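Structural overview for review
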Amino acid sequence: IGQQLAVAFASVLVLAAAMGVAAELGLAQVDREATNLNHKWLQGVGHIAALRSAVVESRDFEMKHSRAGDASYHAEYEEKMAAAGKSAAAALSAYESLVESDTERELFGALNKGWTQYQAAQKKVIDLGRGKKQQDAADISDGLASMAIDETLAAVEALAKYNFDGGQKAAEHVDLVYAQARGVV
């Protein structure tokens, strides 16, 4: 009877240890997936939001610059555009380090292209405004700069959608991993 009790106790102990190891492995996998969700998708969405804010702010000051006739206003708007440009560049750089797939690389390339075109149009607006050609500056702002900002913001939205969709898929995967780990235990 002692031997049977020892075998039964050892069996329960082995089973408990196996369940503990399975639970630990499952938790480790859930932790990895949650960390990925944070590092890739949540940070990506944050950088895209910061970029969108900086781009819209830059456009706002560019439009004001195109219609201002006073050099002091020009200087103020140029300073604010430069600050928004730096914020946009920082957000782009931070996001670029997160790019993983070919699809995402393509979306990011479209964003860079649009932003570069907008910056070139913005420079024309600034140069014309400084040259006291407000009507020409306003025309470029309403035409070329407007089209470039629309392209840029469309690319921002496409990248935001990619990140939201990726985050949703990652969250669903985390749920699946959790359910599997829980099922094992």
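Report on the accompanying structure. (Residues numbered from 1 in each chain as written. Predicted model: local features only at pLDDT ≥ 70, side-chain atom pairs only at ≥ 80, totals over all residues. Heavy atoms only, no water.)

Some points on the side chain of His74
- On the secondary structure map, His74 appears in helix H2 (residues 71-96).
- Among the polar contacts made by the side chain of His74, one reaches the main-chain carbonyl oxygen of His65 at a distance of 3.4 Å.
- Setting aside anything within four residues of it in sequence, one finds His74 in contact with His65, Ala68, Gly69, Gly129, Arg130 and Gln134. (Helix = DSSP H or I, 4+ residues; strand = E, 2+ residues; numbered from the N terminus. Polar contact = N/O pair within 3.5 Å; in protein donor to acceptor, adjacent residues only side chain to side chain. Contact = heavy atoms within 4.5 Å.)

Comments concerning helix H3 (residues 102-130)
- Helix length check: H3, at 29 residues, gives a terminal C-alpha distance of 42 Å against a target of 42 Å (1.5 Å per residue), a fit within 8%.
- Along H3, the positions that sit buried rather than exposed are Glu104, Phe108, Leu111, Gly114, Trp115, Tyr118, Ala121, Gln122, Val125, Ile126 and Gly129.
- Phi turns positive, to about 60°, at Lys132, one or two residues after H3. (Expected span 1.5 Å × (residues − 1). Buried < 20%, exposed > 50% of the residue type's maximum accessible area, 1.4 Å probe, protein only.)

Quick look at the packing of aromatic side chains
- Taken as a whole and judged by the stated rule, the model has 5 aromatic pairs.
- Between the aromatic rings of Phe61 and Tyr77, the centroid separation amounts to 6.2 Å while the plane-to-plane angle is 25°, which identifies the pairing as stacked. Of this pair, Phe61 sits in helix H1 (residues 2-67) while Tyr77 is found in helix H2, placing the two residues 16 residues apart along the sequence.
- Feature note: the residues Phe61, Tyr73 and Tyr77 constitute an aromatic cluster, connected by ring pairs.
- Over the ring of Trp41 we find Lys40; its NZ or CZ atom is 4.9 Å from the centre of that ring. (Phe/Tyr/Trp six-rings, centres within 6.5 Å; stacked < 30°, edge-to-face > 60°. Lys NZ or Arg CZ within 6 Å of the ring centre and 35° of its normal.)

Re the pattern of salt bridges
- For the coordinates displayed, the defined rule picks out 10 salt bridges.
- Salt-bridge contacts for Glu62 lead to Arg59; the nearest nitrogen and oxygen are separated by 2.7 Å. Here Glu62 pairs with Arg59, and both are found in helix H1, just 3 residues apart, close to one helical turn. (Salt bridge = Lys/Arg side-chain N within 4 Å of Asp/Glu carboxyl O.)

Focus: the side chain of Arg59
- Residue Arg59 is classed as buried on the basis of its relative accessible area of 11%.
- There is a polar contact of 3.0 Å between the side chain of Arg59 and the backbone oxygen of Ser141.

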